[in-house]
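A structural walkthrough
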Amino acid sequence: MVAGYTALTVRKIVQTQLIPAEPMSKPSPFATLEFWAWGAVFVASFSVAYVNPTALGTTARTCLPFLLASTVLGYMVGSGLPSGVKKVLHPIICCALSADLAAIAYGYLSRSGVDAVLGDYLTKAPSNPGAGDVLMGFLGSVIISFAFSMFKQRKVVLAAVAAELFSLVKRHAAEIFTSIAIASTFSLYSTAILGRVIGLEPSLTISILPRCITVALALSIVSFFEGVNSSLTAAVVVLTGLIGANFVQAAMDKLGLNDPIARGIGTASSAHGLGTAALSAKEPEALPFCAIAYGLTGIFGSLICSVPAVRQSLSDARKIARIYVYRHIFCDYVSVVIRSKRVILYPSVLTTTKLAPTFHEEAAALQQPAGEQGTDSVVLLELAFDHLVTQRTKCL
């Protein structure tokens, strides 16, 4: 919503005319021969791996053919499902289910366990690749393929004297860069604030900050922070993409975002690659803008998160959210002085409150000598809040 409406607003300001996009053909469905071919690969390689787990040298290389075939077959089956079913069971989900079922079956039959098989799926070792490593090797080709769609959207504008070729990015630079910058910043800070409002632990909040950025760049972004869970980051990014792939078109229809630029940028800046693939399958004219936003959103997010001041502000946003919630719960019950992210309790609070004696002792222990900064605001506010709830008493 933020990216789409920003693009429309900037369009009205700069008054850029949208040239109708070139019609693009949709991809053809998979042939029956492809199903039989991959099915034969799966059965043959699964049988070989069951008989001899190290037939190709290592378990990862031996499991590679049938795990790869199960993943591809899952996508083929998912792509052929009715559109109504795809809204619930996206082809990417079919991929995961198919690969997991194959891993579970082989782990059970070979008695190696499903964890060992999944470990062989993505080894990240060039000398001992798994099925996931092969698929990741095509990522660069997939990104480059976006350029072909962008090339088809080129426009030649004839003038009185000469002809000038305007690239898509140059023509709509104001809408693209402004909406991506605002949407990326909004995504990071809204996630930081809402994570604290709903009570997530700080490490979990940081781990899901780049949820709207593609996995590879999201993992590099969270590496700037301490105490993060990169596995959670990857899972949340994929989940965000799946939600976007299933519901982004219906959401934009309800919001009245019918402009291809707004739909393309809004989808890619919120649901990255999975949203881009889902939208381009039905709306090829929006693919160039999806591709541009897909790359620039990750780049812009990585750049701003590499700035220490921005990382600190994201951490402060979590604290501000917690203080804001507490303030509305018992702002009349505790007297504090906020001094540059720190808080010092009034002396009267320690002497006149009706809280339990343990509160006075703990608060006094946290207090710093006169003239020094007090302890962290969140610590004291949480302390007061806990006593407020448990003792059912009020702080003056």
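Please refer to the structure placed before this passage.
Attention here is on the structure that accompanies the text. (Residues numbered from 1 in each chain as written. Predicted model: local features only at pLDDT ≥ 70, side-chain atom pairs only at ≥ 80, totals over all residues. Heavy atoms only, no water.)

1. Quick notes on the overall build of the chain
In terms of regular secondary structure, the chain is built from 19 helices and 4 strands. In the chain, which comprises 396 residues, the proportion classed as buried is 40%. Within the chain, counting contacts between residues at least 6 apart in sequence, those at least 24 apart form 66% of the total. Summed over its atoms, the accessible surface of the chain is roughly 21,300 Å², and 66% of this surface lies on carbon and sulfur atoms. (Helix = DSSP H or I, 4+ residues; strand = E, 2+ residues; numbered from the N terminus. Buried < 20%, exposed > 50% of the residue type's maximum accessible area, 1.4 Å probe, protein only. Contact = heavy atoms within 4.5 Å. Areas by Shrake-Rupley, 256 points an atom, 1.4 Å probe, with all protein chains shown as cover.)

2. Examining the packing of helix α14 (residues 260-282) against helix α15 (residues 287-305)
Contact pair α14 / α15: the axes reach a minimum separation of 7 Å and the direction vectors enclose 75°. When the axis of α14 is compared with that of α15, the two are roughly perpendicular. On α15, the residues touching P260, I261, G264, I265, T267, A268, S269, H272, G273, T276, L279 and S280 of α14 are L287, F289, C290, A293, Y294 and T297. Within the contact of α14 with α15, the residues separate by chemical class into 10 nonpolar, 8 polar and no charged. (Axes fitted to C-alpha atoms, helices over the stretch in contact; angles between N-to-C directions. Parallel < 35°, antiparallel > 145°, perpendicular 65-115°, else oblique. Nonpolar A, V, L, I, M, F, W, Y, C, P; charged D, E, K, R; others polar.)

3. Some points on the packing of aromatic side chains
One pass over the full model with this rule turns up 6 aromatic pairs. With 5.8 Å between their ring centres and 85° between their planes, F46 and Y106 make a pair best called edge-to-face. Taken as a pair, F46 in helix α2 (residues 32-51) and Y106 in helix α5 (residues 91-110) lie far apart in primary sequence, 60 residues in all. Judged by its relative accessible area of 4%, Y106 falls in the buried class. Chaining the aromatic ring pairs together yields one cluster made of F42, F46, F66 and Y106. (Phe/Tyr/Trp six-rings, centres within 6.5 Å; stacked < 30°, edge-to-face > 60°.)

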